[in-house]
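Residues per chain, in single letters:
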Amino acid sequence: MDKNSPAHILVIRLSAMGDVAMTVPVLSAFTNQYPDVKITLLTRAFFRPMFSQLSNVSVYEADVKGRHKSVFGLWRLYKELSVLKIDAVADLHNVLRSKVLKRYFGLGRIPVVQIDKGRAEKKVLTASDNKVFRPLKTTHERYADVFAALGFPLDLSKVRPLLKEKRSEKTIGLIGPDAKKWLGIAPFATFKGKMYPLALMEEVIAALDSSNNYKILLFGGGKTEDEKLQKLETKFNNCVNLVGKLSFTEELALISNLDVMLSMDSGNGHLATMYGIPVITLWGVTHPYAGFYPFGQDAANALCADREKFPLIPTSVYGNKMPEGYEKAMETILPDDVVKKIKEVMKS
């Protein structure tokens, strides 16, 4: 790093939780390689606890539904950020709001580099006709490319996971003091095409519960998911429904103490990955090749729907497109295979 390199970088990643969590290993690499450079991360205040262990990283709240709403609110945000003496901007989001901010920073001749999302490549990967099925650059690599363009090449092979956090008294009281291994299960996803059928997930839980070897911790959010998970907690002795029981900080501390996390193509897998927890992921109409696989995880821990039966997979990057007949794609992932994989990873 030469003397003309930026000393204070604004990083923009406003949402969603999984995408914000994917910045953690990249920012960890950055702070280890460039400890004298200050990072201010512009994101939702809710996500602040994810970054508590990263030195030289502070979070600035983007209140996009309040004082920073609309182009006038974004101007207010720009004026607030200007006081911080930002030298460069790394836009890891590249959406309308961040493009507006780019224009404002341009007024002050502050360099802004925006992520290349690889839209053309992803369009070909998810096409119905003339699909090219090959692994694309990962989101983590795309984030790193932004920093490289600002003069800060990153070596992602040397990323160290965050340290295990201390479990709160509330967590210990909720889960109990027994010595069983902790398995986190996050069974929900934003779109149906990414969610393992709950009836099959119940078969997985039943097999694990009957062994009496695991404490099964169920993650979700909101009233509907709470009600579904509460039924599982009531039915199985070793299940604990965590919805609404812990703060986000306490939930992250709990995740850092898991033995294994089972998740969909969703945010919880990325949260567990921050702490180096082994993550098993279930993939329906999306696929790891699109670049959203949890950082540093064993590729063998991705259980995917059968592409021989459902060759249009991935049908989209985010799981929001469900071709006719693809509703049953995830049913090709057998509960016995999920249980086998969990036991295998638990032993390793």
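Residues numbered from 1 in each chain as written. Predicted model: local features only at pLDDT ≥ 70, side-chain atom pairs only at ≥ 80, totals over all residues. Heavy atoms only, no water.

Asker: Lay out the environment of Val-132 in plain terms, naming residues and giving numbers.
Answerer: Mapped onto the secondary structure, Val-132 falls in the loop between α5 (119-125) and α6 (139-149). According to the relative accessible area criterion, Val-132 is partly exposed, its value standing at 38%. For the pair Val-132 and Leu-262, spaced 130 residues apart in sequence, the C-alpha separation works out to 29 Å. If we skip the residues at most four places from it in the chain, Val-132 touches Val-124 and Leu-125. (Helix = DSSP H or I, 4+ residues; strand = E, 2+ residues; numbered from the N terminus. Buried < 20%, exposed > 50% of the residue type's maximum accessible area, 1.4 Å probe, protein only. Contact = heavy atoms within 4.5 Å.)

Asker: Could you give an account of the pattern of salt bridges, with specific residues and numbers?
Answerer: Evaluation of the coordinates by the stated rule reveals 11 salt bridges. In this structure, Asp-19 and Arg-13 form a salt bridge, with 3.9 Å as the shortest nitrogen-oxygen distance. Ionic pairing is found between Lys-170 and Glu-250, a salt bridge with its closest N-O pair at 3.5 Å. Residue Lys-170 is found in helix α7 (residues 169-175), and its partner Glu-250 is found in helix α10 (residues 248-255); the two are separated by 80 residues along the sequence. On the accessibility criterion, Glu-250 (19% relative accessible area) is buried. (Salt bridge = Lys/Arg side-chain N within 4 Å of Asp/Glu carboxyl O.)

Asker: Go over the pairing of strand β4 (residues 88-91) with me, naming the residues and quoting the values.
Answerer: Neither face of β4 is open: one carries Ala-88 and Ala-90, the other Val-89 and Asp-91, and all of them are buried. Relative to β4, strand β1 (residues 8-12) runs parallel, the two being bridged by 4 bridges. By the bridge assignment, Ile-12 is partnered in β4 with Asp-91. Of the strand pairs in this sheet, β4 and strand β5 (residues 112-114) are connected by 3 bridges, and their pairing is parallel. Looking at the pairing, Ala-90 lines up with Val-113 of β5. Each parallel crossover has a hand, and for β4 linked through helix α4 (residues 96-107) to β5 it is right-handed. (Pairing = 2+ DSSP bridges. Right-handed = clockwise from strand over helix to strand, strands pointing away.)

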